[in-house]
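What the coordinates show
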Amino acid sequence: MADSIADSTAKLDITDAPTAPDTAPTVDNAPKLQLDEETGEWVSKGELKKRLAKRAKKASKDKNKEASNAAAPPKTQQPKKEKVEDVPIDTDSMFKQGFLNDVYKERPVKPVITRFPPEPNGHLHIGHAKAIAVNFGFARYHGGYTYLRMDDTNPESEEEEYFTSIEETVRWLGFEPYKITYSSDHFDTLYALAEKLIEQGNAYVCHCDDQEVKKQRGGEKGASPRYRCEHANQSVEENLKKFRAMRDGEYKPREAFLRMKQDINDPNPQNWDLAAYRVLNKPHHRTGDKWVIYPTYDFTHCLCDSFEKITHSLCTVEFFLSRTSYEWLNQRLVEYQPMQREYGRLSIEGSVLSKRKLKELVDKGIVRGWNDPRLHTLIAIRRKGVPPGAILEFVNELGVTTTNSIIQMSRFEQTIRRYLERTVPRLMLVLDPVPVVLESSEFEGTDLTVPFSPKNPAMGDHKIKFSQTVYIDRSDFREVDSKDYFRLAPGKTVGLLQAPFPITATSFTKDETTGLVTEIKAVFDRSGKKPKTFIQWVPAESAGSKRCEARIYNSLFKSNNPTGAEGGFLSDLNPDSEIIYPNALVESGFDEVRKRAPWPEAAGEDKLGKGGPESVRFQGMRVGYFAMDSDSTDDKIVLNRIVSLKEDKEKS
């Protein structure tokens with residue numbers, strides 16, 4: 001399904017939809033995508049050509065305008081406009097215009113009722129964030145509501161862990177389901193409708209194996225003529241008898257399955273007698289041993305939409321062809337007819353979203369688990385510290401069209417960065433601390449008042465105590481100075497953010513074994529001359545600073561397409577995807593930030609205390625944006641870097 005987590009390749013057997021031939025108008029046969037470097041989207045060659053032509057026309061127009069202005073008499077100089085601060089994006093704008101506005105105009109009913117129907121066989125990923133935002137947001141914008149429906153028709157792959165994770169993730173993104181329902185709620189009704197379909201002469205029990213079904217559908221690449229299964233000629237009575245025998249456990253898995261009798265000669269593969277029911281000798285988590293046959297997605301989804309009176313069934317474009325079978329089945333079995341429409345799905349380059357590949361990474365210990373911050377499952381993105389509001393802004397920035405979006409990682413990170421810039425406090429953090437011992441102790445214990453944000457006074461301020469020994473980052477000191485270096489070195493002066501005076505390094509000591517600097521001696525520079533550079537620092541632990549472990553995350557893979565890497569995706573792993581600083585120091589303001597979390601109060605973290613450890617977010621000045629990790633304890637703070645302060649040039 002569009003919102004399913006399962007690998008599509010794992011679902012292609014006699015119980016599911018057929019593979020289309022090369023000539024069929026399927027998504028797989030879409031033109032190759034090219035990168036639009038200005039937007040970060042992967043689009044078709046034709047679409048890119050149109051965009052480039054439009055931009056060239058605009059550039060030419062702007063150039064002519066500049067030439068015209070140059071020839072005109074000089075105007076009175078106007079005062080410069082003040083820089084406009086970054087403001088929150090209207091996350092409802094995608095419903096007010098474009099594709100989703102057009103969808104509503106096709107069926108302008110009140111109330112709008114939608115559904116988000118994930119398969120509970122894995123954790124949701126970044127692509128599902130768009131599906132959640134579209135379905136819940138569309139209904140909310142139009143004064144309606146949304147069902148969270150668990151599509152639990154395959155007991156072989158469903159686990160309670162996934163049901164819980166899905167529900168928590170939806171609420172974390174700020175949406176409240178109208179009801180949580182299950183496809184299994186309707187098993188009795190679905191079975192009765194399957195018998196009704198047989199009685200109409202629109203379904204039959206088939207005994208063909210995978211190879212025979214493939215031949216009926218045109219063989220390899222659709223090269224052979226299609227033909228209908230011989231079992232389609234069975235009488236209604238015989239089909240009912242066999243279907244009831246399936247229900248009563250008289251057939252083993254794959255010995256028999258119920259097929260819809262559609263149109264094998266139609267060019268749309270979704271009309272090639274799809275499977276409706278199959279035998280699965282597996283207890284169901286909700287119905288136990290009551291059933292040994294289970295309905296397929298193609299049979300279940302459209303009917304459940306009708307049962308729940310869904311007005312707009314919104315799914316991704318790979319189900320465009322399925323609209324025909326969706327309507328075919330509903331028109332034959334139920335009175336209420338939902339409307340299905342399809343939008344482009346979201347993917348991020350440089351990541352893997354396949355459940356099978358993710359499981360391999362977890363099972364082999366390459367990552368910490370399904371919620372490892374280097375993955376793009378939503379529980380991993382959440383653990384890393386990405387705020388739910390930033391994800392919603394990202395989806396809205398991209399908009400909703402019928403084109404699939406493969407977005408550059410840097411664009412996703414830039415949205416997060418802009419969001420955090422205006423919503424989280426600032427603290428001083430040192431990843432690799434080196435002590436600087438000041439000659440004078442006159443400011444020992446002095447309280448320094450430091451704002452949490454220079455741009456947002458509403459965040460307030462906090463106090464940190466100055467100490468005679470302060471800590472700076474190892475990267476901010478050089479043993480040998482040079483003209484192009486502006487941080488601390490022997491005889492060189494730098495400013496310490498918020499400190500009384502700049503400092504000048506006078507000497508340093510080293511560990512003879514490791515060659516690392518172990519201590520720097522310095523004096524205050526009272527000359528009044530402004531230093532060229534200011535660096536962050538933290539007081540000693542005796543002054544309230546906290547020792548912590550800081551984890552710096554980079555891309556898990558070296559390339560933008562790990563699946564296509566030579567030797568497979570595991571050969572593309574980035575050895576520097578996780579860098580750990582075990583002895584980092586964060587200033588005492590962290591206690592206040594932790595107490596006042598979540599930062600910010602938005603989406604599913606909309607009030608004080610609502611949110612896990614990941615809601616304790618801040619900007620580590622000159623280092624990056626950080627959040628507290630779930631590995632933190634009362635005795636140990638663990639921090640994850642969410643994103644760097646600036647975009648990595650190598651990524652762009």
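Residues numbered from 1 in each chain as written. Predicted model: local features only at pLDDT ≥ 70, side-chain atom pairs only at ≥ 80, totals over all residues. Heavy atoms only, no water.

The name an unreviewed UniProt entry gives the protein is glutamine--tRNA ligase, with Podospora anserina as the organism. Recorded in UniProt for the protein, the comment headed Sequence similarities (unreviewed entry) runs: "Belongs to the class-I aminoacyl-tRNA synthetase family." (UniProt positions renumbered as here; feature names shortened; annotations may be inferred.)

**Things to note about the overall build of the protein**
Assigned secondary structure in the protein consists of 15 helices and 29 strands. Out of the 652 residues belonging to the protein, those deemed buried represent 52%. Sequence separation of 24 or more characterises 71% of the internal contacts of the protein that already satisfy a separation of 6 or more. Accessible surface, the protein as shown: approximately 30,600 Å² in total, 49% of it carbon and sulfur. (Helix = DSSP H or I, 4+ residues; strand = E, 2+ residues; numbered from the N terminus. Buried < 20%, exposed > 50% of the residue type's maximum accessible area, 1.4 Å probe, protein only. Contact = heavy atoms within 4.5 Å. Areas by Shrake-Rupley, 256 points an atom, 1.4 Å probe, with all protein chains shown as cover.)

**Overview of the sheet that holds strand 22 (residues 517-524)**
Strand order in the open sheet formed by seven strands is 23-20-21-22-16-19-24, with mixed pairing between adjacent strands. Two strands lie at the open edges of the sheet, namely strand 23 (534-535) and strand 24 (538-539), each paired on one side alone. Sheet topology note: the strand 20 (residues 493-496)/strand 23 ladder contains two bridges and is parallel. The residue of strand 23 that forms the bridge with L496 is I535. (Pairing = 2+ DSSP bridges.)

**Focus: the pattern of salt bridges**
Throughout the structure, instances matching the rule amount to 46 salt bridges. With a closest N to O distance of 2.0 Å, R526 and E442 form a salt bridge. Placement of the pair is R526 in the loop between strand 22 and strand 23 and E442 in the loop between strand 16 (433-438) and strand 17 (447-451), with a sequence separation of 84 residues. Taking the relative accessible area as the measure of exposure, E442 reaches 45% and is therefore partly exposed. Salt-bridge contacts for K465 lead to D447; the nearest nitrogen and oxygen are separated by 3.1 Å. (Salt bridge = Lys/Arg side-chain N within 4 Å of Asp/Glu carboxyl O.)

**Some points on the side chain of T181**
For T181, the location among the structural elements is in strand 5 (residues 179-182). Filtering out sequence-adjacent residues up to four positions away, T181 remains in contact with Y147, L148, R149, M150 and E308.

**Quick word on unusual backbone geometry**
Of note, the amide linkage connecting A597 to P598 takes the cis form, showing an omega dihedral of 15 degrees. Following the sequence through the fold, P598 ends up in the loop between helix 15 (589-595) and strand 27 (617-620). A cis geometry characterises the amide bond from W599 onward to P600, with omega recorded as -10 degrees. Take P600: it is sitting in the loop between helix 15 and strand 27. Even without glycine at this site, D273 takes up a positive phi of about 50 degrees.

**Here we look at the confidence of the model for the protein**
Within the protein, residue pLDDT values average 90, and 89% of them lie at 70 or more. Ignoring residues within four places in sequence, the model shows residues 1-31, a span with pLDDT below 50, making 83 contacts including any to other chains. Note on residues 73-84: pLDDT is under 50 here. Beyond four places in sequence and across chains, it has zero contacts. (pLDDT = per-residue confidence, 0-100.)

**Here we look at the packing of aromatic side chains**
On inspection of all chains with the given rule, the structure shows 27 aromatic pairs. Taken together, a centroid distance of 6.5 Å and an interplanar angle of 90 degrees make the contact between F443 and F466 edge-to-face. One end of the pair, F443, is in the loop between strand 16 and strand 17; the other, F466, is in the loop between strand 18 (461-465) and strand 19 (469-473), with 23 residues separating them in the sequence. You'll find F443 and F466 in the same group, each marked buried. Summarising the aromatic geometry, the rings of F443 and F501 are spaced 6.0 Å apart at their centres and angled 50 degrees between planes, so their arrangement reads as tilted. (Phe/Tyr/Trp six-rings, centres within 6.5 Å; stacked < 30°, edge-to-face > 60°.)

**Examining the nonpolar core**
L100, I126, I391, L429, F590 and F626 are the most contacted members of the largest nonpolar core, which has 75 residues in total. Examining the composition of this core, we find that nine residues originate from one element, helix 4 (residues 126-141), more than from any other. In terms of domain composition, this core takes at least three residues from each of domain 1 (93-342) and domain 2 (427-541). Those residues in contact with L100 that lie beyond four places of it in its chain are M94, F95, V134, F138, L314 and V400. (Core = buried A, V, L, I, M, F, W, Y, C linked by side-chain atoms within 4.5 Å. Domains from an automatic or database assignment.)

**Here we look at the sheet that holds strand 15 (residues 429-430)**
Within the open sheet, the seven strands sit side by side as 14-27-28-29-25-26-15. Their pairing is mixed. A single partner strand is all that each edge strand has here, and the edge strands are strand 14 (426-427) and strand 15. Here four bridges tie strand 28 (residues 624-628) to strand 29 (residues 637-643), and the two strands are oriented antiparallel to one another. Bridge pairing links M628 to L639 in strand 29. Its contacts with the sheet put helix 14 (residues 409-423) on strand 14, strand 27, strand 28 and strand 29, and the angle it makes with strand 29 is roughly 115 degrees. (Axes fitted to C-alpha atoms, helices over the stretch in contact; angles between N-to-C directions.)

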